[in-house]
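Structural description and commentary
Chain by chain, the residues:
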Amino acid sequence: MNTQPTWAIETSGLVKVYNGTRAVDGLDLSVPTGLVYGILGPNGSGKSTTIRMLATLLRPDGGTARVFGHDVTDEPDTVRRRISVTGQYASVDEGLTGTENLVMMGRLQGYSWARARERAAELIDGFGLGDARDRLLKTYSGGMRRRLDIAASIVVTPDLLFLDEPTTGLDPRSRNQVWDIVRALVNAGTTVLLTTQYLDEADQLADRVAVIDHGRMIAEGTTGELKSSLGSNVLRLRLHDARSRAEAERLLSAELGVTVHRDSDPAALTARIDDPRQAMRALAELSRTPLEVRSFSLGQSSLDEVFLALTGHPAEDRHAEETAEEERAA
Amino acid sequence: MTTSPDTVDSTTAAGGRLRTVLSAGERPARATAVSATLTHLWRAMMAFKHFPVQLIDIVLMPLIFLLMFTYLFGGAFADSTEEYLQFYLPGVTVQAVVMMTVYTGTSLNTDIHKGIFDRFRTLPFWQPATLAGSLLGDVLRYVVALATTVSLGLLLGFRPDGGFLGVLAAVLVLIVFGFSVSWIFAALGVVASEPERVSGTSMIVLYPLLFMSNIFVMPETMPGWMQAVVDANPMSHAATASRELMHGTAGFWDVGLVLCVSAGLVAVFAPLTMRLYRNKNAH
């Protein structure tokens, strides 16, 4: 029992089919213990289906999935003793107070009433929720709720924590708090599987990242490796008049020497560049023409851009699908 | 970056304090089935405590029926409203409990869709405790509904010949009956796509069952085929048992039949519901 398996999660050819669609399509995932592993992918990429299978909530249709060496289908109870799940897959009780939620979680995991209450109080204080301990959860702000959600997941510190888009919709301060909590957990020895739509978040937290699309893994590695496969900066440009986009595109691609992409916004262009000075020169050139630029920005690659680079198609959010529809119609 | 201890304390105090509350590998023994069930029962009681407003629904419905039927139809159904009250009160208690069982289905359905049950399903305890605890919590509602209905009945002039013990026995039998019926709606609550579906479907089933029974009138004046329906209806058995117990004339068979029907309902619907719950979304 003392020899900890090297892998927190190992899946092999994992498949889940919904109405004839392969939501997860032969996924091979190996997550080492003791680090934060990020799964990046747009909505509908198979992220949540994968996590639901790993968390024993959903039965795989094919392949195998093991958590600390235990098969999720054959030994769900053993797996459940090692994991915790937060977020959209497993919520907290809005009709109870913060303290009551934590007491309930402690009781269900085998604590006595006294110890469960003690543990709840410790966690409430540790997570800075002291003022709200006796308030119903439905009155909590987004950040407080997220913190309580994580607290509920670590009443008994899990060996593996599934964190589902932990900072979506949070303000920057709450987001930093959540990130600190995740780091503290990993320092204490918990392995964290994080799903996110933000490359920035994966960059901040994850040691390794898998990018998945259509239920398949399309890239895997450290965030550094992932980004080095792309240009390091992205120039985004929005024109005053959508009709002048073709001309601006010509000018920019000539000046930057890279392919300029047409954004789904008809007045916008994006380009990946290696050196910010290229962008400055191109913008200076642009300012000498009659073309009017409404705004521009220089930043890191977004997940959309990672996707564009890795798959040749944009992340299929609703917006992108609409664009695809329009293109077909045209 | 995740291994540097410096970053933990950097942005928020929460990060620093947090390290002290990580339970450092402490792993309690698995909760027993009983303690998991009691915890879920406790959850139901806390919900009750926080939202006492739901009591109004529970209490008002039987009261309205009691007042309406006694004073509107009582004189026509029986010789006087007082006389009808003696007949109807034990019946309206059946109605009160059975209508309440629908809440079991709608509240289960709400819990499932809010995701809290998914959290429970990732925890290592005896999984049927979630359902068993919720249904036991609903027993509290039956107690409240029965107590208020009987109390109002007494105020209006209900005089049970069976005395306090007779009424108590009737209440206990009705609680058992309600608990059994609630498993039917629990099954519906697990499979239904939304809470409104549960209450809609339930009402379509329940109203004919409640009215085609001897809760409101004895079946003597009904056509023969309907008498057969009324006699076979479990609602009639429950109403008869309640009536006989409250008025002190109950035979072994009246009560035994209701308890048998209850046991049968639980034997069929409890395993079915738990099976449906276990497989919910698992495929």
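Residues numbered from 1 in each chain as written. Chains lettered and ligands numbered in written order. Predicted model: local features only at pLDDT ≥ 70, side-chain atom pairs only at ≥ 80, totals over all residues. Heavy atoms only, no water.

- Going by the annotation in an unreviewed UniProt entry, the name recorded for chain A is ABC-type xenobiotic transporter, with Streptomyces prasinopilosus given as the source organism.
- The Subcellular location (unreviewed entry) field of the UniProt record for chain A holds the comment "Cell membrane". (UniProt positions renumbered as here; feature names shortened; annotations may be inferred.)

**Structural notes on the pattern of salt bridges**
- Across all of its chains, the model carries 28 salt bridges over all chains by this definition.
- The partner of Lys47(A) in a salt bridge is Glu165(A), with the nearest N and O atoms 3.2 Å apart. Highlighted residues: Lys47(A) in helix α1 (residues 47-54) and Glu165(A) in the loop between β7 (160-164) and α6 (172-187), separated in sequence by 118 residues.
- Judged by relative accessible area, which is 5%, Lys47(A) ranks as buried.
- For Arg27(B), the salt bridge identified is with Asp159(A), shortest N-O distance 3.5 Å. Of this pair, Arg27(B) sits in the loop between α2 (13-21) and α3 (33-50) while Asp159(A) sits in the loop between α5 (142-153) and β7, each in a different chain.
- Overall, Arg27(B) belongs to the partly exposed group, its relative accessible area being 32%.
- Each of the salt bridges in this network shares a partner with another, and the network as a whole consists of Arg115(A), Glu118(A), Arg119(A) and Glu122(A). (Salt bridge = Lys/Arg side-chain N within 4 Å of Asp/Glu carboxyl O. Helix = DSSP H or I, 4+ residues; strand = E, 2+ residues; numbered from the N terminus. Buried < 20%, exposed > 50% of the residue type's maximum accessible area, 1.4 Å probe, protein only.)

**Considerations on the nonpolar core**
- Ranked by internal contacts, the top residues of the largest apolar core, which has 67 residues, are Val36(A), Leu102(A), Leu123(A), Phe127(A), Leu148(A) and Val192(A).
- Ranked by the residues each element gives to this core, the list is headed by α6(A), at six residues.
- When sequence neighbours within four positions are dropped, the list of residues in contact with Leu148(A) reads Val92(A), Gly98(A), Asn101(A), Leu102(A), Ile124(A), Leu129(A), Leu137(A) and Tyr140(A).
- Core analysis: the next-biggest nonpolar cluster, separate from the first, contains 49 residues, Phe69(B), Leu89(B), Val171(B) and Ala238(B) among them. (Core = buried A, V, L, I, M, F, W, Y, C linked by side-chain atoms within 4.5 Å. Contact = heavy atoms within 4.5 Å.)

**Focus on the confidence of the model for chain B**
Residues and elements named next belong to chain B.
- Confidence in the prediction for chain B averages 87 pLDDT; 91% of positions are at 70 or higher.
- Looking over chain B, one finds the lowest element-wise mean pLDDT in helix α1 (residues 6-10), namely 39, and the highest in helix α11 (residues 234-246), namely 95.
- Considering only residues more than four positions removed or in separate chains, one finds that residues 1-12, a stretch of pLDDT under 50, has 29 contacts.
- Confidence estimates for the predicted assembly give a pTM of 0.79 and an ipTM of 0.83. (pLDDT = per-residue confidence, 0-100.)

**Comments concerning the interface of chain A and chain B**
- Taken together, the contact pairs 68 residues of chain A with 52 residues of chain B.
- Buried area between chain A and chain B, summed over both chains or domains, comes out near 5,200 Å², and the portion from carbon and sulfur atoms is 56%.
- Inspection of the region where chain A meets chain B yields seven salt bridges.
- Taking the shortest distance from any N to any O, the salt bridge between Arg119(B) and Asp149(A) comes out at 2.4 Å.
- Viewed at the interface, chain B and chain A are joined by 17 residue pairs in polar contact (both at pLDDT 80 or more).
- If you list the elements that add at least two residues to the side of chain A that touches chain B, you get β1 (7-18), α2 (76-80), β6 (83-85), α3 (98-108), α4 (113-126), α5, α6 and α7 (199-205) of chain A.
- With nine residues, α6(A) is the single largest residue contributor to the side of chain A that touches chain B. (Buried area = accessible area lost by both parts, 1.4 Å probe. Polar contact = N/O pair within 3.5 Å; in protein donor to acceptor, adjacent residues only side chain to side chain.)

**Brief notes about the sheet that holds β1(A)**
Residues and elements named next belong to chain A.
- The strand order across the open sheet formed by four strands is β2-β1-β4-β5, and the pairing between neighbours is antiparallel. Each edge of the open sheet carries a strand with a single partner, namely β2 (21-32) and β5 (70-71).
- Where β1 meets β2, nine bridges bridge the pair, whose relative direction is antiparallel. Considered in β2, the bridge of Ile9 is made with Val31. (Pairing = 2+ DSSP bridges.)

**Concerning the domain arrangement of chain A**
- In terms of domains, chain A is made up of domain 1 (7-227) and domain 2 (232-300).
- Here the C-alpha centroids of domain 1 of chain A and domain 2 of chain A sit 39 Å apart. (Domains from an automatic or database assignment.)

**Overview of the sheet that holds strand β9 (residues 208-213) of chain A**
Residue and element names in this part refer to chain A.
- In space, the six strands of this open sheet follow the order β6-β7-β8-β3-β9-β10, with mixed pairing throughout. Since the sheet does not close on itself, it has two edges, and those belong to β6 and β10 (216-221), each with one partner. Strand-to-strand twist across the sheet, computed as the mean angle between neighbouring axes with direction ignored, equals 20°.
- Judged from the four bridges that link them, strand β3 (residues 36-40) and β9 form a sheet pairing that is parallel. (Axes fitted to C-alpha atoms, helices over the stretch in contact; angles between N-to-C directions.)

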